[in-house]
Amino acid sequence: MEMFNYMEEYDYEQLVLCQDKNSGLKAIIVIHDTTLGPALGGTRMWTYSSEEDAIEDALRLAKGMTYKNAAAGLNLGGGKAVIIGDPKKDKNPEMFRAFGRYIQSLNGRYITAEDVGTTVHDMDLIHMETNFVTGTSPESGSSGNPSPVTGYGIYKGMKAAAMEAYGDPSLEGKTVAVQGVGNVAYALCEHLHEEGADLIVTDVNKEAAKRAVDTFGAKLVEPDEIYGVDCDIYAPCALGATINDETIPQLKAKIVAGSANNQLKTMEHGDMLHEMGIVYAPDYVINSGGVINVSDELDGYNHKRAMKKVEMIYDNLTQVFEISRRDQIPTYAAADRLAEERIRSLQASRSQFLRNGHHILSRR
Ligand SMILES: NC(=O)c1ccc[n+]([C@@H]2O[C@H](COP(=O)([O-])OP(=O)(O)OC[C@H]3O[C@@H](n4cnc5c(N)ncnc54)[C@H](O)[C@@H]3O)[C@@H](O)[C@H]2O)c1
Ligand SMILES: CC(C)C[C@H](N)C(=O)O
């Protein structure tokens, strides 16, 4: 990849490679866009097959955070970090402390949190070196693990999608097929079960699947059967790119709404859902509950206030569906339009010169 060409084409601001021999840290921090504010996005720890794959993932995820934060109405830009390694085997405290020092060196341009492979404990270690971290232990007044709040946001967003598809936000009696019942989806299932929805679940982790069957009376299917089950809503809550040429023809659902990032394999798959009349809740709009929750820490965490903001996911999605109908475009394109318009309008107002304490002219 021609790095500067790529960064120029997609408007990336900064790419930082971090290395610490002592702890084995190999990390990448990407800041995509800070028009709306400092870049907030989680740190992923993953075994990548090559350094190029890791950089590509960090770039893609950072841009996603710009759109997620903008569409959620947060005054935050987009960034993300990845640490190369196996989260089950390669972690040590020194690694996260070294990583924290690198975050500190960016002086607030990037703020981190949890993502796949990192935990509240890891954030606490980072916090020993920098304040530019969220999702640390609730004992210190922070918001803790974002997953249950993300799950609640998906539930609220699903209701907005039901309103769009059926003219009624109730999920009582609806059948929801959930792919992957991990941290987020377990919380989602709790809310769905409480409202009286019927659940069909699958997971490659047998224990996770069993927990959902035992707790919610969910019906269990094999991982490759989930796409074609008879249901009203398909909730992809495991991996990205599960909406593709192979799975779309199998779908019986009227709604696709789940937590996974980058659900559409390509934009054309979003077009296909649109043409088939399936209501797709764009991933970065419906799964913004976690980032909304951790971002509340920047004003001194208040759980009640944070949950009120998470409830707005219903309104944000309703707005996306309205833009989609008004402009006759698929919902993924409507979400992009919403996010880009917000960034553009702030960019325009920033074009006026405002003198501040740090500007060179202030010395005169
Ligand atoms: N945690 C958050 O706050 C948050 C926020 C936004 C987006 N997301 C996204 O939501 C998704 C779920 O996040 P999580 O924190 O619950 O992760 P998790 O690892 O706790 O759960 C994912 C589950 O999916 C299962 N799985 C993996 N591959 C599968 C397959 N092929 N078929 C069926 N099941 C499979 C795993 O065994 C696991 O139980 C991820 O894509 C994540 O990026 C999470
Ligand atoms: C900031 C984090 C809570 C972000 C979360 N991992 C996401 O993808 O939205």
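Conventions we followed
Residues numbered from 1 in each chain as written. Chains lettered and ligands numbered in written order. Predicted model: local features only at pLDDT ≥ 70, side-chain atom pairs only at ≥ 80, totals over all residues. Heavy atoms only, no water. UniProt positions renumbered as here; feature names shortened; annotations may be inferred. Helix = DSSP H or I, 4+ residues; strand = E, 2+ residues; numbered from the N terminus. Near = heavy atom within 4 Å. Polar contact = N/O pair within 3.5 Å; in protein donor to acceptor, adjacent residues only side chain to side chain. Areas by Shrake-Rupley, 256 points an atom, 1.4 Å probe, with all protein chains shown as cover. Expected span 1.5 Å × (residues − 1). Buried < 20%, exposed > 50% of the residue type's maximum accessible area, 1.4 Å probe, protein only. Contact = heavy atoms within 4.5 Å. Pairing = 2+ DSSP bridges. pLDDT = per-residue confidence, 0-100.

1. Notes on the UniProt feature "binding site: NAD(+)" (unreviewed entry) in the protein
Here comes step 1: The positions UniProt marks with the feature "binding site: NAD(+)" (unreviewed entry) are G180, V181, G182, N183, V184 and A185.
Here comes step 2: Along the chain, V181 falls in the loop between β7 (175-179) and α6 (183-195).

2. Let's talk about the site of ligand 1
Here comes step 1: Taken together, 20 residues are adjacent to ligand 1, and T150, N183, V184, D203 and S259 come closest.
Here comes step 2: Here D203 contributes a side-chain N or O atom positioned 2.6 Å from an oxygen atom of ligand 1.
Here comes step 3: In the environment of ligand 1, an oxygen atom lies 2.9 Å from a nitrogen or oxygen atom belonging to the backbone of A238.
Here comes step 4: Summarising the interface, the protein chains cover 78% of the accessible area of ligand 1, which totals 830 Å² for the free molecule.

3. Some remarks on α6
Here comes step 1: Taking 1.5 Å of rise per residue, 13 residues should cover 18 Å, and α6 covers 19 Å from first to last C-alpha, within 8% of that figure.
Here comes step 2: V184, A185, Y186, A187, L188, C189, L192 and E195 are the residues of α6 that are buried.
Here comes step 3: On its buried side, α6 packs onto α5 (147-166), β7, β8 (198-202), α7 (206-216) and β10 (233-236).
Here comes step 4: In the stretch just after α6, G196 is the one whose phi turns positive, near 95°.

4. Description of the sheet that holds strand β11 (residues 255-256)
Here comes step 1: In space, the 6 strands of this open sheet follow the order β9-β8-β7-β10-β11-β12, with parallel pairing throughout. Edge strands, defined here as strands with exactly one partner in the open sheet, are β9 (219-220) and β12 (279-280).
Here comes step 2: As judged from the 4 bridges shared by β7 and β10, these two strands associate in the parallel manner. Within the sheet, the bridge partner assigned to A177 lies in β10 and is Y234.

5. Re the confidence of the model for the protein
Here comes step 1: Mean pLDDT for the protein: 95, with 96% of residues reaching 70 or above.
Here comes step 2: Scored below 50 in pLDDT, residues 357-364 makes 7 contacts in the model with residues more than four places away or belonging to other chains.
Here comes step 3: For this predicted complex, the interface score ipTM comes out at 0.98, alongside a pTM of 0.95.

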